[in-house]
Amino acid sequence: MKKSLLSIFAALTPVLSFAQTAPITRTVDGFLDYILYLAGRALPLLILAALILLLYGIVKTFFFNSSEDTRKEGKSFIINGIIALFVMVSVWGLVNILRGTF
């Protein structure tokens, strides 16, 4: 009983001293900043995934070209990877321009 009360008190100590930090603030600006933070963390991973898709298509097209179907599939991966990289980097640039402007 004492240990559970002690652990509850230890968990609530930052709340009692007003020292806790909220993961999402209660304002619209705080929420938008949090969304931009999450997007900033996720976007490099998505760009890495598109780059891996592109490299996979290059390897499949030029190194495993045993059949025409394999080459077509590899070309499809290359085209999709280039389009994905272009769109993501363009949107990232536009967002940074808008952030700097407003």
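The rules behind the values
- Residues numbered from 1 in each chain as written.
- Predicted model: local features only at pLDDT ≥ 70, side-chain atom pairs only at ≥ 80, totals over all residues.
- Heavy atoms only, no water.
- Helix = DSSP H or I, 4+ residues; strand = E, 2+ residues; numbered from the N terminus.
- Buried < 20%, exposed > 50% of the residue type's maximum accessible area, 1.4 Å probe, protein only.
- Contact = heavy atoms within 4.5 Å.
- Areas by Shrake-Rupley, 256 points an atom, 1.4 Å probe, with all protein chains shown as cover.
- Core = buried A, V, L, I, M, F, W, Y, C linked by side-chain atoms within 4.5 Å.
- Expected span 1.5 Å × (residues − 1).
- Bend = angle between axes of the 7 residues up to and from the residue.
- Salt bridge = Lys/Arg side-chain N within 4 Å of Asp/Glu carboxyl O.
- Axes fitted to C-alpha atoms, helices over the stretch in contact; angles between N-to-C directions.
- Parallel < 35°, antiparallel > 145°, perpendicular 65-115°, else oblique.
- Left-handed = near helix turned anticlockwise from the far one by under 90°.
- Nonpolar A, V, L, I, M, F, W, Y, C, P; charged D, E, K, R; others polar.
- Phe/Tyr/Trp six-rings, centres within 6.5 Å; stacked < 30°, edge-to-face > 60°.

In terms of regular secondary structure, the protein is built from three helices and zero strands. Here the protein holds 102 residues, and the buried ones make up 14% of them. Taking the intrachain contacts of the protein between residues at least 6 apart in sequence as the baseline, contacts between residues at least 24 apart amount to 49%. About 8500 Å² of surface is accessible on the protein, with carbon and sulfur atoms providing 73% of the total.

Moving on to the nonpolar core. Counting residues in hydrophobic clusters, the biggest one holds seven residues: Leu43, Ile47, Ala50, Leu54, Ile78, Leu85 and Met88. Those elements giving two or more residues to this core turn out to be α2 (28-62) and α3 (68-101). For this core, the element with the highest residue contribution is α2, accounting for four residues.

On to α3. For α3, with 34 residues, the first-to-last C-alpha span of 49 Å sits near the 50 Å given by 1.5 Å per residue. When α3 is considered as a whole, its buried residues turn out to be Thr70, Gly74, Ile78, Gly81, Leu85 and Met88.

The subject of this paragraph is α2. Along an α-helix, a turn takes 3.6 residues, which lines up residues three or four apart on a common side. Over its 35 residues, α2 runs 50 Å from end to end, which matches the ideal 51 Å to within 8%, given 1.5 Å per residue. Approximately 25° is the largest bend angle found in α2, and it occurs at Ala42, with the proline Pro44 only one to four residues beyond. Within α2 the residues assigned to the buried category are Gly30, Leu43, Ile47, Ala50, Leu54, Gly57, Lys60 and Thr61.

As a further point, take the pattern of salt bridges. Within this structure, the stated rule accounts for one salt bridge. Note that Glu73 is salt-bridged to Lys60, the shortest N-O span being 3.2 Å. With a gap of 13 residues between them, Glu73 in helix α3 and Lys60 in helix α2 connect regions that are remote in the sequence. The exposure class assigned to Glu73 is partly exposed, which follows from its relative accessible area of 38%.

One can find Ala84 in helix α3. Sequence separation between Ala84 and Leu54 is 30 residues, and the spatial gap between their C-alpha atoms is 9.2 Å.

What follows deals with the packing of α2 against α3. At a minimum axis distance of 8 Å, the contact between α2 and α3 shows a crossing angle of 155°. The orientation of α2 relative to α3 falls into the category roughly antiparallel. In this structure, α2 meets α3 at a crossing whose hand is left-handed. Grouping the constituent residues of the contact of α2 with α3 by class yields 18 nonpolar, six polar and five charged.

Here the focus is the packing of aromatic side chains. Taken as a whole and assessed by the stated rule, the structure comprises one aromatic pair. Taken together, a centroid distance of 5.0 Å and an interplanar angle of 85° make the contact between Tyr56 and Phe77 edge-to-face. Remark: Phe77 occurs in helix α3 and Tyr56 occurs in helix α2; sequence separation between them is 21 residues. Note on Phe77: relative accessible area 22%, which makes it partly exposed.

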